[in-house]
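Spelled out from the first residue to the last, the chains are:
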Amino acid sequence: VNPASMLLSVVESYRAEAERQAIRLDLNVPNRAYLLDADEQMLGEAIGSLIRNSIQAVGCQGSILVSMEGFEDRIEFKVSDSGPGLSEQAREHAFDPYFSGREAGRGLGLGLCRAYRIVKMHHGEISLSSGPAGCIASITLHIAEDSASPELGTDD
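To keep things clear, this report deals only with the structure shown in the data block. Everything numeric in this text was worked out from a predicted model, so none of it was measured.

## Looking at unusual backbone geometry
Here's step 1: In the Ramachandran plot, A22 falls in the positive-phi region, its phi being about 55 degrees despite a non-glycine side chain.
Here's step 2: Its location among the elements puts A22 in the loop between α1 (3–20) and β1 (24–28).
Here's step 3: Owing to a relative accessible area of 43%, A22 belongs among the partly exposed residues under this scheme.

## Section: the sheet that holds strand β2 (residues 63–70)
Here's step 1: Sheet architecture is open: five strands sit in the order β1-β2-β3-β5-β4, paired in mixed fashion. Looking along the sheet, the strands with just one partner apiece sit at the ends: β1 and β4 (125–130). In this sheet, adjacent strand axes meet at a mean angle of 15 degrees when their direction is disregarded.
Here's step 2: Of the strand pairs in this sheet, β4 and strand β5 (residues 135–142) are connected by six bridges, and their pairing is antiparallel. Note that in β5 the partner of E125 across the bridge is T140.
Here's step 3: α1 rests against β1, β2 and β3 (74–81) of the sheet, and its axis sits at about 175 degrees to β1.

## Let's talk about the packing of aromatic side chains
Here's step 1: Applying the stated rule across the entire model yields zero aromatic pairs.
Here's step 2: Seen from the ring of F71, R74 lies directly overhead, with NZ or CZ sitting 4.1 Å from the centre.

## Regarding the environment of Q61
Here's step 1: The topology assignment puts Q61 in the loop between α2 (40–58) and β2.
Here's step 2: Spatially, the C-alpha atom of Q61 lies 7.5 Å from that of R24, the residues being 37 residues apart in sequence.

Basis of the calculations
- Residues numbered from 1 in each chain as written.
- Predicted model: local features only at pLDDT ≥ 70, side-chain atom pairs only at ≥ 80, totals over all residues.
- Heavy atoms only, no water.
- Helix = DSSP H or I, 4+ residues; strand = E, 2+ residues; numbered from the N terminus.
- Buried < 20%, exposed > 50% of the residue type's maximum accessible area, 1.4 Å probe, protein only.
- Pairing = 2+ DSSP bridges.
- Axes fitted to C-alpha atoms, helices over the stretch in contact; angles between N-to-C directions.
- Contact = heavy atoms within 4.5 Å.
- Phe/Tyr/Trp six-rings, centres within 6.5 Å; stacked < 30°, edge-to-face > 60°.
- Lys NZ or Arg CZ within 6 Å of the ring centre and 35° of its normal.

Worth remembering: the numbers are spatial, not functional.
Following this line, the structure appears as structure tokens:
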């Protein structure tokens with residue numbers, strides 16, 4: 001999977017919804033190409049859940065930044081929003097099935113639980129934290145090893 005193109009596609013799928021609510025949705029990806037050994041559709045669903053939660057948390061006239069940063073051995077995806085942030089209870093139970101920090105009837109409480117399971121299936125980490133304003137959701141996945149890069153021993 002090319003994570004930058006996957007991320008662009010996911011962000012674009014939420015752009016119209018964000019614009020309807022006067023939410024600024026920005027994307028920041030590095031110029032360098034990376035590869036992930038991942039199921040593109042599942043990973044897109046997990047990141048989409050984070051974006052959808054941010055849109056719901058912000059409500060109207062806020063901002064969401066979706067970013068990706070590559071390191072030597074991993075890629076970190078972040079969805080940062082200007083919403084109200086997380087209560088301690090929400091932070092503790094956010095990934096529990098059927099838990100919802102919103103009013104009754106506004107969702108089943110399965111989006112973050114499913115995102116958690118997808119990330120764990122990919123041997124990654126997912127977390128939520130409070131930012132300067134709002135919430136920061138992070139997904140960390142390991143970069144696929146390039147099959148051409150291992151050095152082969154030579155017999156002289």
